[in-house]
Amino acid sequence: MSTIAFKKIMVGFAFSPNLKANIYEALRMADYFRGELVFVHVGIKTPEKDSLFNQIVASSPIQSQKISVHWRVGDPIKTLIQASKDFCVDLILLGALKRENVLKFYLGSIARKITRKAKCSVLLLIKPSVERQPCQHIVVNGFDSPQTKLTIEAAFMVANALGAKKISLVEEISRSKVAVAVDDDRSLRRATLRKEKLRRQEQTRVKDVVQKLPTVLTADINWTTQSIFGKRGYSIGHFAKVVRADLLVMNAQENLSFIDRFVTRDIEHILAELPTDVLIINLKGNE
Amino acid sequence: MNKSNPFKQFLGDLPKNIFSGFVVSLIALPLGLGLAIASEAPPIAGIIAAIAGGVVVSILGGSNLTITGPGNGLVIVILSAIVGMGEGDLYQGYLFTLAAIILSGLLLFIFGFFRLGALSEFFPSTALQGMLAAIGVGILAKQFHVMLGFTNVKGNTINQLILIPNSIKTLLANPSNELVLASGIGILSLCFLFLYARIRNSVFQLIPAPMWVVITSIGVIYYYDLVLKTPEVLGPSLMITLPEDLMASLPRPDFSKILSSDFIGHTLSITLVAVIESLLSIKAVDKLDPLKRRSNINKDLRALGIATGISGFLGGLNVVTVIARSSVNVNNGANNRSANFFHATFLVIFILLFAEQIQKIPLPALAAILVYTGYRLATPENLFRIYKIGKEQAIIFVTTLVATLLTSLTTGIILGILTTLLVHVILNKSGVLFSRNWLKPNVLMYLEEETGNYYVSVKNFCSFLNFFKLKAKLDEIPPSEHAIIDFSLCEFVDHTVMEGLNDYSRSFSRQGGFFEIIGLDVHEAKTEHPFAIRKSLPDSSLLNFEISLTKRQKLLQKLSTILNWEYLPDPVSNYADLEKFFYFKTKWVNYRYNNLESKNKDFLLFDLSYSEGAFIAKEDLKSTFLQIKVPKKIPVFTLDKENFMTTILQLSGLQDIDFKKHPDFSKRFYLSGENIKSIRSFFTDKLIFFFESHPPYYLESNGETILIRSKERLASIQEIKQMLAFAEELLKILEKK
């Protein structure tokens, strides 16, 4: 099948009201990806916490054979990042939360910091749930970048694993690429033609990527493309919300320079708003 | 239009444009003189501005039918610059102001060069109206005295307003011959201007009212001069004086104050008003253009900047685009920029040939024209119109008006912006919505690949603060296309945006496109006015639901009368049968609204508010559904595009029913149901072909009724019509079975 797999999944957990949902989701994910689970808690191990944790794990209808639990002390972000390196995990699973609630927002911000530093893929769940919420529609970025091919492949792999039937490949085309400012009727016509051309180019490029994927991955999935002219990283999030996607798959940020900290760009828009569950594909660690 | 030979076309259109340019020059002459006098500049300054504008902008500009010249709005700022910087010496003040005008021309050019035209959207429309009204009051207050024959009433606008009864009293108490004649000319001119529009005679209307006033009053002066042999019946202070030799008497702009804060302040406010007035006028003229062209705003700004610079060097006022003269231009059949050029040419001819006659124009006649202009800017009708839109708009309007009158124009508009912001914060009971989302992108626009429609979704809030972002996207949609603007993710939409969208809607319908606004139906509006502020309703106030109809609702209403169906916009919570459908198994129905029901109760179309999940994971949704009763019992089934729902259904043990004979149908649709055998026999070739050849809807049968949904969002009127047609055809096929 695919060359991409999430064999080892690390779950950072905290004793929040969402603990049960997070654990259940993690067990389910491990089941879908047939992977091994590594639970990491940053904090001191106490008998109560340990038994609570074990109790919840035991109560889940889905069980996994390969579970390990680690208790570490230190700065949450650094510790989790270190752990992900130590255990050579393929995927970090985090129960991030939507930004409405201040307390939750704080937890979400930890998730975001990890996303920025992690050397592996990260899955942010904005609404972990005890019951299974089926994943039906996946939106994946298709912009022109060397990473995109792997990201699209990963999206199809995930769609197959989770049973999603629909994938929308979104090509965000920066407005600067149109290079025609709309001032009057003539420039509008030129801009429209130019956009049409760009749209076709981008679509061919993305379709090409998908068609080169093994048919095992693509056969059962209804995939469509959609070009959007707009701010990169923002449009796709808004789109995911409009079409009510269940999962958004994105490239990891290529390089986070010093300036990127101050300028909101690309993936940062999505991390700030989390329109839906987000999977950030980063396969550098594997190569 | 003959595209192959534009030059021939241009030549053919030339007579029309020359004529139109001539008519415009008839109104531009008195206005140019009057506006210059009102600004305490030499009368010729206004004519210079009109000539410079007409020549430069017609060659370099980006708009088609606009006329450029000295503007009404600038009177107040230029007046305060001349009086303020002159410190008693008006001529010296004028020289300083010329420097400020040249500089503002440069700024205007830079504005256009960096394509900052869009920034003007940053002004809330009501505050702008308040500012314009204040300018109107300013002109009126000052010129009313001149109209009565008093030229030396000094002081700021408020003082001059207060002194108006005083001037009338003096006139009645001490009626010298000169005063009686002056005030007679002034008052009769004013009455004529008010009555002019009532006179419906095409020959008479050919000459614009201001020109009638000027010609008649020149006639009166000549009558006194030649028949009664009383030259100089009105003192020189009440007459226009033109320089003897235009070329020799060119003033020299004085740049010596250029670094003083005074100078910079005046330059900025002149530029601000010039930009605002020009852009408002350009937009308004585009709406009048019979050929539906779109002006290149930034190119026009650059041309106006150059024209202003030249005008300033020659001793003229700022060049802006002016709405009144432009509309005269359109009405007289102009169809390209040459009309603006000819208007300038005729002005040159007038000045060269009729300099003597022009000097016979009495100031009270010009003042009457200005009083009328001021009144039109500040007419109380404006306040009533704005009050109808909403009380809060009236508050913004009055605040800006009063603040502008009491302080300066820039302070006034800044206070207007702050008031608008405050009103929005109060209406929302919090400013978090604005502060958190102001600088973030909030607009998504894409071409829906299935339908070919442009879909625009707006998030968070949309007000004057970020309307430019939405506008930038809307400007990229060709107005001959179908655009759908969805506000269902947007909590607050203000008046500026509603008004702006109305402009778009008009330009789309003018060019054969569709511009539909959806997702505003459950936003609360305080008044019936279509431009009223709309705010997302909190759940609790749903019970005392009293909203005015949105455009979409009105269209639905219209549709209902065409179909002779019942239409009920109010939400109802009677949805018991809906929950029987599979679709709502995992969803929570809130209420149904915009119900459209056929007389025999077979068709029921409605918007539905429903939600998925709970607490933090709660997702509120709104979609349009159509429910139809079928003639006889049919199997229970669900038909969907191969996507969303399919996994849920598969989880509950239902499998996709495929037809070997129809691979395309099987691939595109997900069909499921308990009784596979009866479903298979129900789906005849004809029915399958019907589904294949129509847009894919979500369709669910519960045996007696069929539920149809197009998208998981509200459907536009067009989409609703398609849905209804789809359902009717489907029923026909089912009836034949």
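Owing to the predicted nature of the structure, the values given are computational and were not obtained by experimental measurement.

Notes on the overall build of chain B
The helix and strand inventory of chain B stands at 27 helices and 18 strands. Here chain B, with 737 residues, has 48% of them falling under the buried criterion. A separation threshold of at least 6 residues defines the contact pool for chain B, and within that pool the share at least 24 residues apart is 76%.

Points about the overall build of chain A
From N to C terminus, chain A includes 10 helices and 10 strands. In chain A, buried positions account for 44% of the 287 residues. A separation of at least 24 residues holds for 82% of the contacts in chain A among residues at least 6 apart in sequence.

Overview of the domain arrangement of chain B
Residues and elements named next belong to chain B. Per the domain assignment, the segments making up chain B are domain 1 (6–376), domain 2 (436–543) and domain 3 (559–736). Once you take the C-alpha centre of each, domain 1 and domain 2 turn out to be 37 Å apart. Each side of the interface is counted separately: domain 1 has nine residues, and domain 2 has 11 residues.

Concerning the interface of chain A and chain B
Taken residue by residue, the interface counts 34 residues in chain A and 31 residues in chain B. Looking at the side of chain A that touches chain B, the elements with two or more residues in it are helix 7 (185–211), strand 8 (222–229) and helix 9 (235–242) of chain A. Taken together, the residues of the side of chain A that touches chain B sort by class into 11 nonpolar, 13 polar and 10 charged.

Section: helix 11 (residues 297–313) of chain B
Residue and element names in this part refer to chain B. The end-to-end C-alpha distance of helix 11 is 24 Å, a good match for the 24 Å that 17 residues give at a rise of 1.5 Å each. Counted residue by residue, helix 11 has 16 buried out of 17 residues, so it is predominantly covered. G315 lies just past helix 11 and shows a positive phi near 90°.

Some words on the pairing of strand 17 (residues 698–701) of chain B
Two faces make up the sheet, and in a regular strand the side chains alternate between them. Residue and element names in this part refer to chain B. Of the two faces of strand 17, both are covered, the one formed by Y698 and E700 as well as the one formed by L699 and S701. Of the strand pairs in this sheet, strand 15 (residues 637–641) and strand 17 are connected by three bridges, and their pairing is antiparallel. Following the sheet pairing, T638 is matched in strand 17 by E700. Of the pairings in the sheet, the one linking strand 17 to strand 18 (residues 705–709) comprises four bridges and is antiparallel in character. Each residue of the ladder has a partner; that of L699, found in strand 18, is I708.

Here we look at the environment of L79 of chain B
All names here are of chain B. In this structure, L79 sits in helix 3 (residues 72–86). Given 20 C-beta atoms within 10 Å, L79 falls into the buried group. For the pair L79 and S256, spaced 177 residues apart in the sequence, the C-alpha separation amounts to 19 Å. Setting aside anything within four residues of it in sequence, one finds L79 in contact with A38, S39 and E40.

Observations concerning the packing of helix 5 (residues 125–147) of chain B against helix 17 (residues 391–406) of chain B
Residues and elements named next belong to chain B. At their nearest, the axes of helix 5 and helix 17 sit 8 Å apart, and the two run at 40° to each other. With respect to helix 17, the axis of helix 5 lies oblique. For helix 5 against helix 17, the interelement crossing comes out right-handed. Side by side, helix 5 and helix 17 meet where T126, A127, Q129, G130, M131, A133, A134 and V137 of the first sit next to Q393, I396, F397, T400, L401, T404 and L405 of the second. Across the contact of helix 5 with helix 17, the residue classes break down as nine nonpolar, six polar and no charged.

Focus on the pairing of strand 10 (residues 277–281) of chain A
Residues and elements named next belong to chain A. Strand 10 sits mainly inside the fold: five of its five residues count as buried. Burial of the side chains of strand 10 extends over both faces: D277, L279 and I281 are buried on one face and V278 and I280 on the other. Bridge count between strand 5 (residues 121–124) and strand 10: three bridges; the pairing is antiparallel. Opposite L123, over in strand 10, you have L279 as the bridge partner. With five bridges connecting them, strand 9 (residues 247–251) and strand 10 associate as parallel partners. Bridging from a neighbouring strand, L248 pairs with V278 of strand 10.

Quick word on helix 1 (residues 6–38) of chain B
Residues and elements named next belong to chain B. For helix 1, which comprises 33 residues, the first-to-last C-alpha distance of 42 Å sits more than 12% below the rise-based estimate of 48 Å (1.5 Å per residue). At L14, helix 1 shows its largest bend, some 45°, and a proline, P15, comes one to four positions later. The first or second residue beyond helix 1 is E40, which carries a positive phi of 65°.

Let's talk about the confidence of the model for chain B
Residue and element names in this part refer to chain B. In the predicted model, chain B carries a mean pLDDT of 81, and the fraction of residues at 70 or more is 90%. With pLDDT under 50 throughout, residues 537–546 is counted as low confidence; its partners more than four residues away or in other chains account for eight contacts. Predicted complex, confidence summary: ipTM 0.80, pTM 0.71.

Digging into the nonpolar core
Grouped together as the largest cluster of nonpolar side chains are 265 residues, with contacts concentrated most on I9, I138 and V249 of chain A. A per-element tally of this core places helix 5 of chain B first, with 14 residues. Excluding residues within four positions of it along the chain, V249 of chain A makes contact with I138, V140, T151, A154, A155, V158, L279 and I281 of chain A.

Here we look at the packing of helix 10 (residues 261–288) of chain B against helix 11 of chain B
Residues and elements named next belong to chain B. Packing of helix 10 against helix 11 leaves a shortest axis separation of 11 Å and a crossing angle of 135°. As judged from the angle between their axes, helix 10 and helix 11 are oblique. The two elements helix 10 and helix 11 meet at a crossing, and its hand is right-handed. Counted together, S278, L279 and I282 of helix 10 and I297, D300, L301 and L304 of helix 11 form the full contact between these two elements. When its residues are assigned to classes, the contact of helix 10 with helix 11 shows five nonpolar, one polar and one charged.

A word on unusual backbone geometry
Residue and element names in this part refer to chain B. In this structure, E40 is a non-glycine residue whose phi angle is positive, near 65°. Residue classification places E40 among the buried positions, given that 21 C-beta atoms sit within 10 Å. We note that N564 has phi near 60°; this positive angle belongs to a residue other than glycine. Along the chain, N564 turns up in the loop between helix 22 (551–563) and strand 11 (566–568).

A closer look at the environment of I276 of chain B
Residues and elements named next belong to chain B. Its place among the elements puts I276 in helix 10. Separated by 157 residues in sequence, I276 and L119 have C-alpha atoms that sit 9.8 Å apart. Residues within four places of I276 in sequence aside, it is in contact with S120, F123 and L128.

With respect to the confidence of the model for chain A
All names here are of chain A. Per-residue confidence for chain A gives a mean pLDDT of 77, with 87% of residues at or over 70. By mean pLDDT, the top-scoring element of chain A is strand 6 (residues 137–141) (86), and the lowest-scoring one is helix 4 (residues 102–117) (62). With pLDDT under 50 throughout, residues 98–106 is counted as low confidence; its partners more than four residues away or in other chains account for 10 contacts. In the model, residues 259–264 has pLDDT below 50 throughout and makes three contacts with residues more than four positions away in sequence or in other chains.

Cut-offs and rules
Residues numbered from 1 in each chain as written. Chains lettered and ligands numbered in written order. Predicted model: local features only at pLDDT ≥ 70, side-chain atom pairs only at ≥ 80, totals over all residues. Helix = DSSP H or I, 4+ residues; strand = E, 2+ residues; numbered from the N terminus. Buried ≥ 20, exposed ≤ 12 C-beta atoms within 10 Å, placed from the backbone. Contact = placed C-beta atoms within 7 Å. Domains from an automatic or database assignment. Nonpolar A, V, L, I, M, F, W, Y, C, P; charged D, E, K, R; others polar. Expected span 1.5 Å × (residues − 1). Pairing = 2+ DSSP bridges. Axes fitted to C-alpha atoms, helices over the stretch in contact; angles between N-to-C directions. Parallel < 35°, antiparallel > 145°, perpendicular 65-115°, else oblique. Left-handed = near helix turned anticlockwise from the far one by under 90°. Bend = angle between axes of the 7 residues up to and from the residue. pLDDT = per-residue confidence, 0-100. Core = buried A, V, L, I, M, F, W, Y, C linked by C-beta atoms within 7 Å.

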